[in-house]
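Here are the chains, one letter per residue:
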Amino acid sequence: MTDIADNTADAPVDAPADAPVDAPAEDVVLRVENLSVDFRTEGGPARAVANANLTVRRGQTVAIVGESGSGKTTLAMAVLGLLASNGSVAEGHIWFKDEDLGHISAQRMAQLRGTELGLVPQDPMTNLNPILRIGQQIDEGLIDNGLRTRRDARARTVELLDEVGLPDAARRAGQYPHEFSGGMRQRALIAMGLSGRPALLVADEPTSALDVTVQRGILDQLSGLTEELGTAVLLITHDLGLAAERADIVVVMYHGEIVEQGPARQVLTSPQHDYTKRLMAAAPSLASRRIEIARERGLEDVLDDALLAPGEEAVADGAAEADVLVSVKDVSKVFTIRGGGLLSRSKDFTAVDGVSFDIPRGSTVAVVGESGSGKSTLARMILDIEKPTTGSITFDGGLVGAGKHKEQIAYRRRVQPVFQDPYSSLDPLYSVFRAIEEPLRAHDYGDAAARRARVEELAEQVALSKGQLRRFPSELSGGQRQRVAIARALALSPELVVCDEAVSALDVVVQAQILQLLAGLQEELGLTYLFITHDLAVVRQIADRVLVMQQGRVVEEGTVDAVFDSPATDYTRALLDAIPGKDLELAL
Amino acid sequence: MLRLIVQRLLLLIPLLLGLSVLLFAWVRALPGGPATALLGERATPEAVARINTLYGFDQPVHVQYFKYLSRLLQGDFGVSTRTGRPVLDEFLTRFPATIELTVVALIIAIGIGIPLGYVAARRAGSFLDHSSVVVSLIGVTVPVFFLAFILKYVFAVELGWFPSTGRQDPTMIATHPTNFYVLDGLLTGEWDAAWDALVHLILPGIALGTIPLAIVARMTRAAVSEVQNADYVRTARAKGIKSARLRGDHIVRNSMLPVLTTIGLQVGLLLSGAVLTETVFAFSGIGSFLAEAVFNADYPVMQGFVLMIAIVYALVNLLVDVSYGLIDPRLRRQQ
């Protein structure tokens, strides 16, 4: 056992004390040895993981970091024997205690899952069976694994839910997933993953679908519990900051290979491999530099006003007012929620509550807040998809949503959205060319030849090749799709682009590329951006001014530097504190 | 749930009112008017006048409509011009036969269609999957009357395994308290009568059930293919639960929603439209009676049957909507 290559054991001695580098071999829970995983495809086998080696010891957290498609999830699923049906272990071994998980019977594997091996999956919205009660979904694991009898299972389930910090667990166990918030669901999934008291827990991006403040609470709960139980954790994440903060050992994967691994701080403070360095540079939660290009563009006079007087209403005099493109004045939006029963009354819900702000022409204003803070509703009102209940929005001096039909069509041309999910916001049956051409057709832009020329020009602006114009969304990566969405938004030469979580679904490296692209286009075309995001790190990279929203109200407003350096409200401070890994000092 | 049922029943009122207007206007719009339609084109003017007075066709249209409507509300759907019996009685004696046939067709469609679709999805790309596609295609494309004739010729005429026509052997003496022949046999203890009625249902049941079988199999395959790759199914496997539970609670139950919609629509069609099958097998349900009514210009029967079929169709679909809530808790609240 001891003569087998063990990468973590080779780590330098300045590793943190909590990483037991020279622990005895019996402490090893998982040892992946020269592992390769192949997927059968029409074009022959595709290697998703190549020659991977890593070791996880008792009580240790090992983070696998990489972008999507790097093979990190495939590696984790191979450990659990949950590869998709066309995937298989091609070479190597997965030693769990003294069994090789890569080469044991499906029956034995099923026995280990739920008892010795646990999983906390990524997306709490899709990982719970929608038609079974939460309690039932934990009960069934306990019963089928012989941990509790049918009669005792529920009591144990309530204990488990209580343990992960779910208030009023006994009642909650009787509810369905749709009655839970995202954070509560994730807690239930953690309870589920730990219900068999596994020796190894695989946590696959356990919080990437949640708001930062919720994320922090859940990660604290998870690490507290696994520490208490001595569970080894294999943490899969794309977030370097999170890995740095939570893991003892960091393993970096790129294109199916492990390119670097070692104690967390060492990997992050002195990255050896090029990819790790790039990942570090791109990670918005670590690098606080704004994109330089934003400063270089020729709009400094507008910015200077804002930058010179941080935290105050800088744009006050008449000269500056002329430069205001969008002016939001005391806008509120009230939704009426219909009552559930025959006699119950409908209730009013105020999504946006008396919000006022200006967007100077050629600048980027970011609106941040957690889900439910009203930021998307605000964006929809500016896009004229929703009408404000009270208050007014003016665009270039004209009242939004008030003009004749013709003016409203013109407004739609001047203001364009880029939405969050490039997977669902593009029609899968439209080629890239057709997707970009569609707004041109809708607004009667020239003839076929003129439209073609325009589409090609747009493709060049967003760095898509001519060959890619013939492709379909399913053949493109997430970053490429978002480029298509941006090209489509720019087709009609808009003045304002509303980006609703436009980069949230992308990996950090791709995210940085898209932000660069947006900043470059702003300089080139004099665009104005309204950026809606929950990610404060992104705000720091791209925005000039920032509005922090909570429960429909703007709780803080100012220049990015002012808000980040001296947040005025507790809420903003909490948001900033919740960014994973922000305290780490890095050698960059 | 109760709210949904009440809402949907209330919605039936405008629906049926609209339909009654259409049916009323349809008979009035016949060439030569309803009297000519009844008596034929060579009727004497005196006979036409007598019928017009008798049925009130000489009164203003709106007066006629309200009279028609008030008769409907009292359960008076008119009298069949061919048999001379009330339309409602004709419907009620024949409807049990159609229900029996529909139930057998559904048992065949669901009993074979769902397992077939499930296995096809679980073993996607296998021989079984491909052959299920072929079987489904044949099921949907072969015309019902053709399939009915083939079945009748092969299994009844040539092989003699099954009777070729009717609901029961005409020589059999049996009592019929409910007009559901199989049920009657079981209730009265006349086992041979029950068996005979059941055997009479097999061939028409297969003929009628083939199309729904094909559709249910395709829907099940599509739904299971999607659900088996859902994240929560993988999570359930990660919990180490038994495979029977994985199949039942996680895969099949979640797949049933679209399948149920399809079944609901099919039941409506089966109940209302077994015209071809019933005719080929001389099976005395509402379908064959309606077909005869059309050939004999029996307008009161056509009007009455269409209205009653519409009610049945609407009630079946209400039942389907209610059962969604039983499967999916998210719909309970919305409902």
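About the criteria used
- Residues numbered from 1 in each chain as written.
- Chains lettered and ligands numbered in written order.
- Predicted model: local features only at pLDDT ≥ 70, side-chain atom pairs only at ≥ 80, totals over all residues.
- Heavy atoms only, no water.
- Helix = DSSP H or I, 4+ residues; strand = E, 2+ residues; numbered from the N terminus.
- Buried < 20%, exposed > 50% of the residue type's maximum accessible area, 1.4 Å probe, protein only.
- Contact = heavy atoms within 4.5 Å.
- Areas by Shrake-Rupley, 256 points an atom, 1.4 Å probe, with all protein chains shown as cover.
- Pairing = 2+ DSSP bridges.
- Axes fitted to C-alpha atoms, helices over the stretch in contact; angles between N-to-C directions.
- Parallel < 35°, antiparallel > 145°, perpendicular 65-115°, else oblique.
- Left-handed = near helix turned anticlockwise from the far one by under 90°.
- Nonpolar A, V, L, I, M, F, W, Y, C, P; charged D, E, K, R; others polar.
- Salt bridge = Lys/Arg side-chain N within 4 Å of Asp/Glu carboxyl O.
- pLDDT = per-residue confidence, 0-100.
- Patch = residues over 30% accessible without salt bridge, like charges linked within 9 Å, V, L, I, M, F, W, Y side chains within 5 Å.
- Core = buried A, V, L, I, M, F, W, Y, C linked by side-chain atoms within 4.5 Å.
- 1 Å grid on protein atoms, 1.4 Å probe; cavity = no way out; pocket = protein on both sides within 12 Å on 5 of 7 lines; lining within 4 Å.
- Points joined across faces, edges and corners; volume = space filled by probe spheres on them.
- Buried area = accessible area lost by both parts, 1.4 Å probe.
- Phe/Tyr/Trp six-rings, centres within 6.5 Å; stacked < 30°, edge-to-face > 60°.
- Lys NZ or Arg CZ within 6 Å of the ring centre and 35° of its normal.
- Arc of directions from axis to C-beta.

**Student:** Would you explain the overall build of chain B in this entry?
**Tutor:** Assigned secondary structure in chain B consists of 15 helices and zero strands. For chain B, the spread of C-alpha atoms along the three principal axes comes to 85 × 55 × 40 Å. Per-residue burial for chain B yields a buried fraction of 47% across its 335 residues. Across chain B, every contact between residues at least 6 apart in sequence was considered, and the portion connecting residues at least 24 apart equals 72%. Total accessible area on chain B stands at roughly 16900 Å², and carbon and sulfur atoms take up 69% of it.

**Student:** Before we go on, may I ask you to explain the sheet that holds strand β20 (residues 553-559) of chain A in this structure?
**Tutor:** In a beta sheet, neighbouring strands pair by backbone hydrogen bonds and run either parallel or antiparallel. Residue and element names in this part refer to chain A. Pairing within the open sheet is mixed, and its six strands lie in the order β16-β17-β18-β13-β19-β20. Among the strands making up the open sheet, the edge pair consists of β16 (415-418) and β20. When the angles between neighbouring strand axes are averaged without regard to direction, this sheet yields 15 degrees. Lying over the sheet, helix α19 (residues 508-525) contacts β13 (364-368) and β18 (528-533), oriented at roughly 155 degrees with respect to β18. Running at roughly 105 degrees to strand β19 (residues 545-550), helix α22 (residues 570-577) makes contact with β19 and β20 of the sheet.

**Student:** Even after reading the chapter, I still don't get the packing of helix α3 (residues 134-144) of chain A against helix α6 (residues 182-194) of chain A, so can you show me in this structure?
**Tutor:** A packed helix pair is summarised by two numbers, namely the angle formed by the two axes and the spacing between the axes. All names here are of chain A. Contact geometry of α3 with α6 gives a least axis separation of 9 Å together with a crossing angle of 15 degrees. When the axes of α3 and α6 are compared, the pair comes out roughly parallel. The way α3 lies across α6 gives a crossing that is right-handed. Contacts from Ile134, Gln137 and Ile138 of α3 reach α6 at Ala188, Ala191 and Met192. Across the contact of α3 with α6, the residue classes break down as five nonpolar, one polar and no charged.

**Student:** Would you mind showing me how to read the sheet that holds strand β8 (residues 232-237) of chain A here?
**Tutor:** Residues and elements named next belong to chain A. In space, the six strands of this open sheet follow the order β6-β7-β8-β3-β9-β10, with mixed pairing throughout. The open sheet is flanked by β6 (117-120) and β10 (257-263), the only strands paired with a single partner. Neighbouring strand axes in the sheet, compared pairwise and without regard to direction, differ in orientation by 20 degrees on average. The sheet contact formed by strand β7 (residues 200-204) and β8 spans five bridges and is parallel. Its bridge partner lying in β8, Val202 is registered against Leu234.

**Student:** Explain the packing of helix α1 (residues 2-28) of chain B against helix α4 (residues 61-73) of chain B to me, please; I cannot follow it from the model alone.
**Tutor:** Residues and elements named next belong to chain B. Axis separation between α1 and α4 bottoms out at 11 Å; the angle between their running directions is 125 degrees. In terms of axis orientation, α1 runs oblique to α4. The element α1 and its partner α4 pack so that their crossing is right-handed. Across the interface between the two elements, Leu17, Ser20, Val21, Leu23, Phe24 and Arg28 from α1 touch Val61, Gln64, Tyr65, Tyr68, Leu69 and Leu72 from α4.

**Student:** What is the right way to read the pattern of salt bridges from this model?
**Tutor:** Side chains that carry opposite charge are capable of pairing whenever their charged atoms lie near each other. All names here are of chain A. All chains considered together, the criterion is met by 38 salt bridges over all chains. Across the salt bridge formed by Arg361 and Glu495, the nearest N and O atoms sit 3.6 Å from each other. Note that Arg361 is positioned in the loop between β12 (347-360) and β13 and Glu495 in the loop between α18 (478-490) and β17 (496-500), a separation of 134 residues in sequence. We classify Glu495 as partly exposed; its relative accessible area is 22%. Each of Arg216, Asp220, Glu245 and Arg246 takes part in a single network of salt bridges with overlapping partners.

**Student:** Sorry if this is basic, but what is going on with the confidence of the model for chain B here?
**Tutor:** For any part of a model where pLDDT is low, the fine detail of the predicted coordinates should not be relied upon. Averaged over chain B, the pLDDT score is 82; the fraction of residues at 70 or greater is 97%. Scored as a complex, the prediction yields pTM 0.72 and ipTM 0.72.

**Student:** Got a minute to help me understand a nonpolar patch on the surface in this structure?
**Tutor:** Residues and elements named next belong to chain B. Nonpolar side chains collect at one region of the surface, where Phe145, Phe146, Phe149, Ile150, Tyr153, Val154, Val157, Leu159, Trp161 and Leu276 lie side by side and expose about 1000 Å² of accessible area between them. Ranked by residue count, the leading element in the nonpolar patch is helix α7 (residues 144-158), at seven residues. Tracing the sequence through the fold places Phe145 in helix α7. Judged by its relative accessible area of 40%, Phe145 is partly exposed.

**Student:** Hey, could you run me through unusual backbone geometry in this one?
**Tutor:** With the exception of glycine, the majority of residues adopt a negative phi angle, and the majority of peptide bonds are in the trans configuration. Residue and element names in this part refer to chain A. For Asn51, which is not glycine, the phi dihedral falls at a positive 50 degrees. Here Asn51 is to be found in strand β2 (residues 44-57). Not every positive phi belongs to a glycine, and Ala463 is a case in point at roughly 60 degrees. Counting through the fold element by element, Ala463 comes out in the loop between α17 (448-461) and α18. The class of Ala463 is exposed, set by a relative accessible area of 52%.

**Student:** Please explain the nonpolar core as it appears in this structure.
**Tutor:** Looking at soluble globular proteins, one finds that nonpolar side chains tend to be buried together. Counting residues in each nonpolar core, the largest one holds 59 residues, and the members touching the most others are Phe281 and Phe305 of chain B. Counting 54 residues, the second largest nonpolar core, distinct from the first, contains Leu492, Val503, Ala543 and Phe564 of chain A.

**Student:** Please clarify how the side chain of Ser195 of chain A should be interpreted in this entry.
**Tutor:** All names here are of chain A. Note on placement: Ser195 falls in the loop between α6 and β7. The class of Ser195 is buried, set by a relative accessible area of 10%. In this structure, Ser195 is in contact with Ile138, Leu142, Leu147 and Leu160, ignoring residues within four places of it in sequence.

**Student:** How should I be thinking about the layout of surface pockets in this particular structure?
**Tutor:** In this structure, the second largest pocket occupies an estimated 1200 Å³ of space. Lining the second largest pocket are 39 residues, with Gly81, Leu82, Leu83 and Arg113 of chain A together with Arg237 of chain B positioned closest to its centre. When residues of the lining of the second largest pocket are traced back to their parent elements, those giving at least two are β4 (87-96) and α2 (106-112) of chain A together with α5 (87-122), α10 (231-238) and α11 (243-273) of chain B. Residue composition of the lining of the second largest pocket, by class: 16 nonpolar, 15 polar and eight charged.

**Student:** Explain the interface of chain A and chain B here, please?
**Tutor:** A common way to express how large an interface is: the accessible area buried when the components associate. Contacts between chain A and chain B engage 33 residues on the former and 22 residues on the latter. Here chain A meets chain B over a buried area of about 2600 Å², counting both sides, of which 49% is carbon and sulfur. Across the chain A-chain B interface, the total number found is three salt bridges. For Arg245 of chain B, the salt bridge is made with Asp144 of chain A, and the minimal N-O distance between the two is 2.9 Å. Among the elements of the structure, β6, α3 and α6 of chain A are those that each provide at least two residues to the side of chain A that touches chain B. Per element, the largest residue contribution to the side of chain A that touches chain B is six residues, and it comes from α3 of chain A.

**Student:** Help me out: how do you make sense of the environment of Ile202 of chain B in this one?
**Tutor:** All names here are of chain B. Inspection of the secondary structure puts Ile202 in helix α9 (residues 191-227). A relative accessible area of 27% places Ile202 in the partly exposed class. Considered as a pair, Ile202 and Val104 are 98 residues apart in the sequence and their alpha carbons are 7.4 Å apart.

**Student:** I'm lost on the confidence of the model for chain A in this one. Help?
**Tutor:** Residue and element names in this part refer to chain A. Averaged over every residue, the pLDDT of chain A is 80; the share at 70 or more is 85%. The lowest-confidence element of chain A is helix α11 (residues 292-296), averaging 39 in pLDDT; the highest-confidence one is β6, averaging 92. When the criterion is pLDDT under 50, residues 1-23 qualifies, and its contacts beyond four places in sequence or with other chains add up to 29 contacts. Confidence over residues 285-322 falls short of pLDDT 50; this stretch has 62 contacts with residues more than four positions distant or in other chains.

**Student:** Would you mind showing me how to read the packing of aromatic side chains here?
**Tutor:** Given two aromatic rings, their pairing is described by the distance between the two centres and the angle made by the two planes. Under the counting rule described, the total for this entry stands at 11 aromatic pairs over all chains. For the ring pair Phe91 of chain B and Phe95 of chain B, a centre distance of 4.9 Å and an interplane angle of 25 degrees mean the geometry is stacked. A residue pair is termed a helical-turn pair when its members lie 3 or 4 positions apart in one helix, as Phe91 of chain B and Phe95 of chain B do in helix α5 at four residues. What makes Phe91 of chain B buried here is its relative accessible area of 4%. When the ring centre of Phe180 of chain A is taken as reference, the NZ or CZ atom of Arg172 of chain A above it lies at 5.6 Å.

**Student:** How should α22 of chain A be read in this particular structure?
**Tutor:** Structural remark: α-helix, 3.6 residues per turn; residues separated by three or four positions point the same way. All names here are of chain A. Of the positions making up α22, those classed as buried are Tyr571, Thr572, Leu575 and Leu576. Mapping the buried residues of α22 onto a view down its axis gives an arc of 135 degrees, with all of them on the same face. Those residues of α22 hidden inside the fold are in contact with α7 (212-229), α20 (536-542), β19, β20 and α21 (560-565).

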